[in-house]
Amino acid sequence: MRPTKAVINLAHLKANYLAIRKITKTKVLAVVKADAYGHGVAEVVNALNSLKEKPEYFGVALSEEGIALRDINVKQPILIFEPPNQHNIDEIIKYELIPTVFCEAHLRLIDKYLVRRPAMKLKVHVKIDTGMGRLGIPFKEAVPFIEKIAANDNFILDGVYSHFATSDEIDKAFAELQLRRFTQILTELKKKNIKIGITHIANSGAILTMPEAYFDMVRPGISLYGYPPSQAITSSLKLKPVLSLLSEVASCRWFEKGDSVSYGRKYILKRRSQIISIPIGYADGLNRNLSNKMFCIIKDKLYQQVGRVTMDRIMFDIGEAKISIGEDVLLLGKSRHQSIDAWDWSAQLNTIPYEITCNISKRVPRVYLA
Ligand SMILES: Cc1ncc(COP(=O)(O)O)c(C=O)c1O
């Protein structure tokens, strides 16, 4: 195995999950789309399912991701956040996945396919767009749409949900507006005695800051993996990053004053110094825009990355430090006194930890710590 690896600490994952359960006291849908945000879906799901209080649901974006969960014997209900289409509806039915529906075309599609399986009913969750502006039935049209589903024998209305656009921001005005719209719809449906199954809206931002938004179930994603969705919000929940990125020193040699490092000569040495190289690059998901802007930790000390990030290698200026080939290098993670996390990279790249962990490519082996 190559020395570059992502170490996935499953004890941290379980601790984050149990902490979320403890504060919310609701059912939990663990969001494991995109290969569990890059952490490795099979190991993440198996770790959560080894707990006494297993997630009640799993959530993924694609039907393929749902089928992958069935293939590893996941028995829980699996909610697909995307709506069904003509290419995947057969498989959704076959694998008993729960599609998200929010327009007449979705209902017609399901009806059409269920004709072939008259004994079968399909569980669905309705998504309401209360302001996210992406997927969902517009909130003003939600009640009659949901009534229609409840009256159709082909469907089991297993849940009704929505998604926040700004729950990770300090200003909660818009999130509260979304919450009011959602609550109002639920109240109207209740008045009409319509059975709507479970209700859910809280992503990590709301889990951390909006207890009034917990309803029957919460849907943590990034918080499971140890990061708050933004650095603006504060919460008593102590999350532990699950993923560390490690490698080893592959080469070390002295460069003279005036020598340059890597493509484009973007680092020119101002003094005689040692340059080490590490076998990781942009093909592993280490964004090229981190060139000259990131650090590593070796023997509990921080060193500056220098020169352009290349496809397979990056370089660091270690001055006169005594560092041998094969020495451990921490690119994301914590040592005794130093720490580099996905927020540090995000700050340089104008992104969020979600994108950092999702982008660590398949070329980087994942190693699991129990
Ligand atoms: C529908 C839905 N619910 C929950 C989540 C989890 O969000 P977060 O990772 O911010 O907790 C996502 C992620 O994008 C989502 O699309």
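Only a predicted model underlies this, so the values are computations on that prediction, with no experimental measurement involved. (Residues numbered from 1 in each chain as written. Predicted model: local features only at pLDDT ≥ 70, side-chain atom pairs only at ≥ 80, totals over all residues.)

*Asks:* Looking at this structure, how should I read unusual backbone geometry?
*Replies:* A negative phi angle is the norm for most residues apart from glycine, just as the trans form is the norm for most peptide bonds. Although it is not a glycine, N73 sits at a positive phi angle of roughly 75°. Here N73 falls in the exposed class, since 9 other C-beta atoms lie within 10 Å of it. (Buried ≥ 20, exposed ≤ 12 C-beta atoms within 10 Å, placed from the backbone.)

*Asks:* Help me understand the site of the ligand in this model?
*Replies:* Around the ligand, the surrounding shell consists of V31, F81, H163, N203, S204, R219, P220, G221, I222, S223 and P229. Partitioning the shell around the ligand into residue classes produces five nonpolar, five polar and one charged. (Near = placed C-beta within 6 Å. Nonpolar A, V, L, I, M, F, W, Y, C, P; charged D, E, K, R; others polar.)

*Asks:* What exactly am I supposed to notice about the domain arrangement of the protein chain here?
*Replies:* Accessible area lost when the parts come together is the quantity often used to give the size of an interface. The assigned domain composition of the protein chain is domain 1 (10-218) and domain 2 (243-369). Of note, the centres of domain 1 and domain 2, computed from C-alpha atoms alone, are 39 Å apart. The dominant element in the side of domain 1 that touches domain 2, judged by the number of residues it contributes, is helix α2 (residues 33-38), at three residues. (Domains from an automatic or database assignment. Helix = DSSP H or I, 4+ residues; strand = E, 2+ residues; numbered from the N terminus.)

*Asks:* What's the story with the pairing of strand β5 (residues 98-101) in this structure? I'm lost.
*Replies:* Two faces, one strand: in a regular strand the side chains alternate between the faces of the sheet. Residue alternation in β5 divides its side chains into two sets, I98 and T100 and P99 and V101, and both sets are buried. One crossover worth recording links strand β4 (residues 78-80) to the parallel β5 by way of helix α5 (residues 89-94), and it is right-handed. Note: β5 against strand β6 (residues 122-129), two bridges, orientation parallel. Residue pairing across strands places V101 opposite V126, the latter belonging to β6. For the handedness criterion, the β-α-β arrangement of β5, helix α6 (residues 104-114) and β6 is classed as right-handed. (Right-handed = clockwise from strand over helix to strand, strands pointing away. Pairing = 2+ DSSP bridges.)

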